[in-house]
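Secondary and tertiary structure notes
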Amino acid sequence: MPSLEVRLAGLRLRNPTVIASGILGTSASIAKRVEEAGAGAFTTKTITLEPRRGYENPTFVELEHGYLNAIGLANPGIDAFCSELEKMRKTLSIPVILSVGGGSMKELVDVALRGVSCGASALELNVSCPHVKGMGAEVGDNPETVAEIVRAIRDATDLPLFVKLSPHHDYVKLALKALEAGASGFTAINTVRGMVIDIYARRPVLSNRFGGYSGRGIRPIAVKVVYDLYERVGDAPIIGVGGVDSWQAAVEMMLAGASAVGVGSEIARKDLGLFREINEGISLYLEREGFSSVKEIVGLAHKA
């Protein structure tokens, strides 16, 4: 049977599937369900220094080929979330990646270091959320700022540090700057800015007016970003995220250069059984195509 085990900057994953940030990422009990469903790693919801209520409803709408959301990074804050991280450390056998959010270098570094002390296995720096003013994508607009944040976190911890990238940025330039500063790898991509308007109410559906578009509709964008990144930073692991709704989509992402694949909003349509479906499908694909390990297909589309 082909091996599905992968290594991500020192993290050992039993298979290449990772639950993406923002999906069922707020409690240790849910994390356990995700582990039991077959995921190789668990990424938390983005956590900030102080608690955030997020936006008023409506914050989520299902569309023909995906989903549009503007939750507003609602979370309990790192102090309250630490107790859940500690429980995850004690009850999970898969790595826990803390998604770190904030509006300044100090906030981001404080959240990261607090998370490390509470049991996170790795960090994911969210500089790409498309719909929260002063956070996320606005931080990522400046590669030098991101590099400073990465450097500050790296000076304080040697845990794996992934930077989550947006297609709205010059993501290759940002990735190269982050690597120079000490980033371990990348997550690509975050959701894409979008809007939907109710033609009878004649106003945007979301309370925030615009939000982040996810799901099957953005997969070609995500595949292109992963492909571009692999061309320039191929030695650094990439977690490919965006519309992974089947084993075929996961294989496509890995052929583009992803070492692992993030599974996100498509869980709303297929439930947690999607993890087992993807892993079983990848295993059969590898066997039929004559590969002994999933690592052998990473980046193969560049050699065609």
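Residues numbered from 1 in each chain as written. Predicted model: local features only at pLDDT ≥ 70, side-chain atom pairs only at ≥ 80, totals over all residues. Heavy atoms only, no water.

**Some words on the pairing of strand 8 (residues 122–126)**
Strand 8 sits mainly inside the fold: five of its five residues count as buried. Of the two faces of strand 8, the one carrying Ala122, Glu124 and Asn126 and the one carrying Leu123 and Leu125 are both buried. Examined bridge by bridge, strand 7 (residues 96–100) and strand 8 share four bridges and lie parallel to one another. From the neighbouring strand, Ile97 faces strand 8, where its bridge partner is Ala122. For the crossover from strand 7 across helix 3 (residues 105–117) to strand 8, the handedness is right-handed. (Buried < 20%, exposed > 50% of the residue type's maximum accessible area, 1.4 Å probe, protein only. Helix = DSSP H or I, 4+ residues; strand = E, 2+ residues; numbered from the N terminus. Pairing = 2+ DSSP bridges. Right-handed = clockwise from strand over helix to strand, strands pointing away.)

**What about the layout of surface pockets?**
Of the volumes computed, that of the largest pocket is approximately 600 Å³. Lining the largest pocket we find 32 residues, and of these Ser21, Gly22, Ile23, Asn69 and Thr191 sit closest to its centre. (1 Å grid on protein atoms, 1.4 Å probe; cavity = no way out; pocket = protein on both sides within 12 Å on 5 of 7 lines; lining within 4 Å. Points joined across faces, edges and corners; volume = space filled by probe spheres on them.)

**Quick look at the packing of helix 5 (residues 143–156) against helix 6 (residues 171–181)**
Axis separation between helix 5 and helix 6 bottoms out at 8 Å; the angle between their running directions is 25 degrees. Judged by the inter-axis angle, helix 5 sits roughly parallel to helix 6. Judged by the twist between their axes, the crossing of helix 5 over helix 6 is right-handed. For the pair helix 5 and helix 6, the contacting residues are Pro143, Glu144, Val146, Ala147, Val150, Arg151 and Arg154 in the first and Lys173, Leu174, Lys177, Ala178 and Ala181 in the second. Its residues assigned to classes, the contact of helix 5 with helix 6 shows seven nonpolar, no polar and five charged. (Axes fitted to C-alpha atoms, helices over the stretch in contact; angles between N-to-C directions. Parallel < 35°, antiparallel > 145°, perpendicular 65-115°, else oblique. Left-handed = near helix turned anticlockwise from the far one by under 90°. Contact = heavy atoms within 4.5 Å. Nonpolar A, V, L, I, M, F, W, Y, C, P; charged D, E, K, R; others polar.)

**Quick word on helix 7 (residues 219–233)**
At 3.6 residues per turn, the α-helix brings residues three or four places apart onto the same side. Between its first and last C-alpha, helix 7 extends 20 Å over 15 residues, near the 21 Å set by a 1.5 Å rise per residue. What helix 7 keeps buried is the set Ala222, Val223, Val225, Val226, Asp228, Leu229 and Val233. Buried residues in helix 7 make contact with strand 9 (161–165), helix 6, strand 10 (185–188), strand 15 (238–241) and helix 8 (247–256). (Expected span 1.5 Å × (residues − 1).)

**Focus on the packing of helix 1 (residues 28–37) against helix 2 (residues 78–91)**
Where helix 1 contacts helix 2, the axes come no closer than 9 Å and their chain directions differ by 35 degrees. Every pair of crossing elements has a handedness; the one defined by helix 1 and helix 2 is right-handed. Mapping the contact onto sequence places Ala28, Ala31, Lys32 and Glu35 in helix 1 and Glu84, Lys87, Met88 and Thr91 in helix 2. When its residues are assigned to classes, the contact of helix 1 with helix 2 shows three nonpolar, one polar and four charged.

**Quick notes on the environment of Asn15**
Within the fold, Asn15 resides in the loop between strand 2 (11–13) and strand 3 (17–19). Each C-alpha atom, one on Asn15 and one on Glu5, is 4.7 Å from the other, the two residues being ten residues apart in sequence. Each residue touching Asn15, except ones within four places of it in the same chain, is listed here: Leu4, Val6, Gly38, Ala39, Gly40 and Asn279. Within the local environment of Asn15, its side chain forms a polar contact with the backbone oxygen of Gly38, the two atoms lying 2.8 Å apart. Separated by 3.5 Å, the side chains of Asn15 and Asn279 make a polar contact. (Polar contact = N/O pair within 3.5 Å; in protein donor to acceptor, adjacent residues only side chain to side chain.)

**Concerning the side chain of Asn279**
On the secondary structure map, Asn279 appears in helix 10 (residues 273–289). For Asn279, the contacting residues outside a window of four places in its chain are Leu4, Asn15, Pro16, Thr17 and Gly38.

**Digging into the side chain of Thr48**
The topology assignment puts Thr48 in the loop between strand 4 (41–43) and strand 5 (60–63). A polar side-chain atom of Thr48 sits 2.7 Å from the main-chain carbonyl oxygen of Glu50. Setting aside chain neighbours within four positions, we find Thr48 in contact with Asn75, Gly77, Ile78, Gly101, Gly102, Val111 and Met135.

**Here we look at unusual backbone geometry**
Going from Asn57 to Pro58, the amide bond is cis rather than trans, its omega being 0 degrees. Tracing the sequence through the fold places Pro58 in the loop between strand 4 and strand 5. Backbone torsion omega between Ala188 and Ile189 reads 15 degrees, so that peptide bond is classified as cis. In this fold, Ile189 is placed in the loop between strand 10 and strand 11 (192–194). In this structure, Arg209 is a non-glycine residue whose phi angle is positive, near 75 degrees. Phi angles above zero are rare outside glycine, and Asp271 is one such case at about 70 degrees. Topologically, Asp271 is positioned in the loop between helix 9 (267–270) and helix 10. According to the relative accessible area criterion, Asp271 is partly exposed, its value standing at 45%.

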